[in-house]
Amino acid sequence: MTIPDQHAAASTLPPAPKTLEQTGVPAELVQQLLYKTLHLAGELTGAEIADRLGVVFSVIDPFLDQMKRDRYCEILGTAMGAASYTYRLTQTGHSRAAGYADHSQYVGKLPVPLKQYREYMQHLASRSFTVSRQSIRQAFSHLVLAEVVLDRLGPAIAARHSLFIYGPPGNGKTLISQAIGNLLVGDIAIPHAISIDTEVIRIYDPLNHEAVGTPVHETQGLSLQDRGDERWVRCRRPVVTVGGELTMDSLELGYSQQAGFYRAPLQLLANGGVLVIDDFGRQRMSPRELLNRWIVPLESRIDHLTLQTGQKFEMPFDVLVVFATNLNPLDLVDESFLRRIRYKVYAESPTRKEFLQIFELCCRERGLRYDPAVAEGLIATELEPRRIALRGCQPRDLIQHALSLAEYTDQPRELSLDLLSAACATYFLADEDQLPG
């Protein structure tokens with residue numbers, strides 16, 4: 001049972017390209033970005049332009065030289081070396097840049113061509129390590145889970161296939177799903193954008209990707225070309241979570257007519273990591289529609305996307321998809337669809353012992369003294385008389401209710417059975433015979 005090597009894989013960026021050919025992108029795309037970058041900035045040195053495009057100066061030097069000869073740009077002042085020259089577009093150059101901007105407003109790092117992205121993802125997937133009981137227990141050490149649940153999660157995560165986590169509400173299915181990312185501890189390189197010919201797809205998203213800064217001692221004394229390909233961002237493995245707001249549109253390329261470039265679908269944002277579909281069955285499309293969309297990618301590890309021109313292309317699908325739901329899976333999809341989701345893990349309600357462990361853990365997280373008698377009293381005097389099944393979320397929620405009440409009534413910040421009883425009165429619904437007629 002193996003999954004991509006988290007420690008050995010891509011802790012640094014790919015090597016920096018030194019020529020146009022090594023970038024893999026068409027000269028036309030480089031030219032467009034040069035014009036638009038200068039158009040927006042006004043004046044930049046050659047080194048500053050190269051930095052904004054994420055390449056070494058030798059890649060763009062021939063373009064700037066040609067622009068100068070064609071009188072589309074001019075050099076201000078004098079300096080030692082072309083990289084130190086200050087460049088500015090002429091009026092004719094600004095007119096050309098405006099024409100490029102009408103087609104696409106993308107400005108930023110030079111995109112990574114699809115071919116290079118595929119090669120990188122293949123390299124990432126070729127490395128592996130063994131998922132052991134020890135690594136599973138370490139990754140989920142912040143949660144109180146039954147041994148049987150951990151031993152069901154382990155093989156599913158190791159297989160890096162689709163995973164169904166289901167069971168009663170309040171037992172931490174979302175937390176379990178997101179904690180899978182703790183196993184993916186290695187860094188990954190994520191491109192700012194991908195190009196297909198001259199079409200651009202923006203990939204790096206600060207909302208879903210956590211950038212990792214390179215330590216200063218690793219870059220001291222290194223030239224720009226030795227720091228790696230800065231068209232990529234060094235990030236932690238992504239864990240992308242979506243819930244009931246998920247739509248079919250978010251699983252396809254999103255094209256902006258106004259901006260002239262594409263938004264990456266969710267599964268592409270999660271490549272190399274985990275995609276959690278929370279509250280599965282409550283999306284704006286039917287479960288059957290969602291699974292139909294992913295039948296091929298889940299099996300082949302290849303997704304098929306389409307540009308607005310109708311051109312189709314293959315994209316790596318190196319994603320561990322986790323479906324989490326409170327609903328009965330048999331009520332959502334039929335047996336043939338369930339077979340596509342190869343692993344099913346039932347998130348059981350905590351036993352009395354596990355409930356007390358969760359209560360103690362919640363107290364420690366909040367700097368509170370844990371009194372076993374108070375936790376036992378909560379079960380005996382409140383939960384059992386109300387015939388309330390134990391849930392993993394109850395200690396966290398009731399403790400927070402109790403602390404809020406203590407603050408409101410100027411009581412010490414400590415737990416008591418009276419505070420927890422009052423918390424239960426506002427947390428749980430009243431019995432039917434207590435409701436107003």
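1. Some details on the overall build of the protein
Here comes step 1: The secondary structure content of the protein amounts to 18 helices and 19 strands.
Here comes step 2: With the C-alpha coordinates aligned to their principal axes, the bounding extent of the protein is approximately 85 × 55 × 50 Å.
Here comes step 3: Put simply, the protein has 437 residues, and 48% of those count as buried.
Here comes step 4: Total accessible area on the protein is roughly 21000 Å²; 49% of this is exposed by carbon and sulfur atoms.
Here comes step 5: Treating the 44 positive side-chain charges of the protein as one cloud and the 52 negative ones as another, the clouds have centres 4 Å apart.

2. Focus: the nonpolar core
Here comes step 1: Residues Ile277, Leu290, Trp294, Phe313 and Phe323 are the most contacted members of the largest nonpolar core, which totals 51 residues.
Here comes step 2: Not counting the four nearest positions on each side in its chain, Trp294 is found in contact with Leu251, Gln267, Leu275, Ile277, Phe317, Val321 and Phe323.
Here comes step 3: Membership of the second largest hydrophobic core comes to 31 residues, among which are Leu33, Leu53, Ile60 and Tyr87.

3. Concerning the sheet that holds strand β5 (residues 112–113)
Here comes step 1: If you walk across this open sheet you meet the 5 strands as β5-β9-β10-β14-β13, and the pairing is mixed. At either margin of the open sheet sits one strand with a lone partner, and together these are β5 and β13 (254–255).
Here comes step 2: Note that β13 and strand β14 (residues 262–263) share 2 bridges and pair antiparallel. Directly across from Tyr255, in β14, lies its bridge partner Tyr262.

4. Considering the side chain of Glu382
Here comes step 1: Topologically, Glu382 is positioned in helix α16 (residues 372–383).
Here comes step 2: A polar contact is formed between the side chain of Glu382 and the side chain of Ser421, at a distance of 2.9 Å.
Here comes step 3: Those residues in contact with Glu382, other than ones at most four positions away along the chain, are Gly377, Ser421 and Cys424.

5. A word on the sheet that holds strand β2 (residues 43–45)
Here comes step 1: On the basis of which strands lie adjacent, the open sheet formed by 3 strands has the order β2-β4-β3 and antiparallel pairing. Unpaired on one side and paired on the other, β2 and β3 (73–76) mark the two borders of the sheet. The mean inter-strand angle of the sheet, taken between neighbouring strand axes irrespective of direction, is 35°.

6. Focus on the packing of helix α2 (residues 27–41) against helix α3 (residues 46–53)
Here comes step 1: Their axes nearest at 11 Å, the elements α2 and α3 cross at an angle of 115°. Between α2 and α3, the interaxial angle falls into the category roughly perpendicular. Considering the relative orientation of α2 and α3, their crossing is right-handed. Touching Leu33, Leu34, Thr37, Leu38 and Ala41 of α2 are Ile49, Arg52 and Leu53, all from α3.
Here comes step 2: Across the contact of α2 with α3, the residue classes break down as 6 nonpolar, 1 polar and 1 charged.

7. Overview of the packing of aromatic side chains
Here comes step 1: Enumeration over the complete set of coordinates arrives at 16 aromatic pairs.
Here comes step 2: Ring geometry for Tyr85 versus Tyr87: centroids 6.3 Å apart, planes at 55°, classification tilted.
Here comes step 3: Aromatic side chains Tyr255 and Tyr262 sit 4.7 Å apart centroid to centroid with 50° between the ring planes, which places their arrangement in the tilted category.
Here comes step 4: Judged by relative accessible area, which is 2%, Tyr262 ranks as buried.
Here comes step 5: Over the ring of Tyr72 we find Arg96, and its NZ or CZ is 4.4 Å from the ring centre.

8. Here's the deal with the pairing of strand β17 (residues 312–316)
Here comes step 1: With 5 bridges connecting them, strand β16 (residues 302–306) and β17 associate as antiparallel partners. Note that in β17 the partner of Asp303 across the bridge is Met315.
Here comes step 2: Remark: 5 residues form the turn of the hairpin made by β16 and β17, two consecutive strands paired antiparallel; Gly310 in that turn has positive phi of roughly 95°.

9. A word on helix α5 (residues 91–103)
An α-helix turns once every 3.6 residues. As a result, residues three or four positions apart point the same way.
Here comes step 1: Over its 13 residues, α5 extends 19 Å from the first C-alpha to the last, a length consistent with the 18 Å expected when each residue adds 1.5 Å.
Here comes step 2: Turning to α5, its buried residues are Gly93, Ala97 and Tyr100. Within α5, the buried residues cover an arc of 55° as seen down the axis, which keeps them to one side. Seen from the buried face of α5, the exposed residues on the opposite side, beyond 90 degrees, are Gln91 and Asp102.
Here comes step 3: For α5, the elements touching its buried residues are α2 and β4 (86–89).

10. So, helix α17 (residues 394–408)
Here comes step 1: Helix length check: α17, at 15 residues, gives a terminal C-alpha distance of 21 Å against a target of 21 Å (1.5 Å per residue), a fit within 8%.
Here comes step 2: What α17 keeps buried is the set Gln394, Pro395, Asp397, Leu398, Ile399, Ala402, Leu403 and Ala406.
Here comes step 3: Looking at the buried positions of α17, the neighbouring elements they touch are α15 (352–365), α16 and α18 (417–427).
Here comes step 4: Downstream of α17 by a residue or two, Asp410 has a phi angle that is positive, lying close to 60°.

11. Some remarks on the pattern of salt bridges
Here comes step 1: Per the counting criterion, the structure on display carries 22 salt bridges.
Here comes step 2: With its nearest N and O atoms 2.8 Å apart, the salt bridge here joins Arg396 to Asp397.
Here comes step 3: Classification of Asp397 as buried rests on a relative accessible area of 18%.
Here comes step 4: Here the residues in one salt-bridge network are Arg133, Arg137, Glu147 and Asp151, joined through shared partners.

12. Quick look at unusual backbone geometry
Here comes step 1: Not every positive phi belongs to a glycine, and Asp197 is a case in point at roughly 55°.
Here comes step 2: As for its position among the elements, Asp197 is in the loop between β9 (193–196) and β10 (199–202).
Here comes step 3: The exposure class of Asp197 is exposed, given its relative accessible area of 52%.
Here comes step 4: You will see that Arg387, though not glycine, has its phi angle at about 55°, which is positive.
Here comes step 5: Its place among the elements puts Arg387 in the loop between α16 and α17.

13. Some words on the packing of α15 against α17
Here comes step 1: Their axes nearest at 8 Å, the elements α15 and α17 cross at an angle of 45°. As the angle between them shows, α15 and α17 are arranged oblique. Crossing geometry of α15 relative to α17 is assigned as right-handed. Together, Phe355, Ile358, Phe359, Cys362 and Cys363 of α15 and Gln394, Pro395, Arg396 and Ile399 of α17 make up the contact between the two elements.
Here comes step 2: When the residues that make up the contact of α15 with α17 are grouped by side-chain class, the tally is 7 nonpolar, 1 polar and 1 charged.

Quick notes on the rules
- Residues numbered from 1 in each chain as written.
- Predicted model: local features only at pLDDT ≥ 70, side-chain atom pairs only at ≥ 80, totals over all residues.
- Heavy atoms only, no water.
- Helix = DSSP H or I, 4+ residues; strand = E, 2+ residues; numbered from the N terminus.
- Buried < 20%, exposed > 50% of the residue type's maximum accessible area, 1.4 Å probe, protein only.
- Areas by Shrake-Rupley, 256 points an atom, 1.4 Å probe, with all protein chains shown as cover.
- Lys, Arg positive; Asp, Glu negative; His and termini not counted.
- Charge placed at Lys NZ, Arg CZ, Asp CG, Glu CD.
- Core = buried A, V, L, I, M, F, W, Y, C linked by side-chain atoms within 4.5 Å.
- Contact = heavy atoms within 4.5 Å.
- Pairing = 2+ DSSP bridges.
- Polar contact = N/O pair within 3.5 Å; in protein donor to acceptor, adjacent residues only side chain to side chain.
- Axes fitted to C-alpha atoms, helices over the stretch in contact; angles between N-to-C directions.
- Parallel < 35°, antiparallel > 145°, perpendicular 65-115°, else oblique.
- Left-handed = near helix turned anticlockwise from the far one by under 90°.
- Nonpolar A, V, L, I, M, F, W, Y, C, P; charged D, E, K, R; others polar.
- Phe/Tyr/Trp six-rings, centres within 6.5 Å; stacked < 30°, edge-to-face > 60°.
- Lys NZ or Arg CZ within 6 Å of the ring centre and 35° of its normal.
- Expected span 1.5 Å × (residues − 1).
- Arc of directions from axis to C-beta.
- Salt bridge = Lys/Arg side-chain N within 4 Å of Asp/Glu carboxyl O.

By themselves, these figures tell us nothing about what the structure is for.
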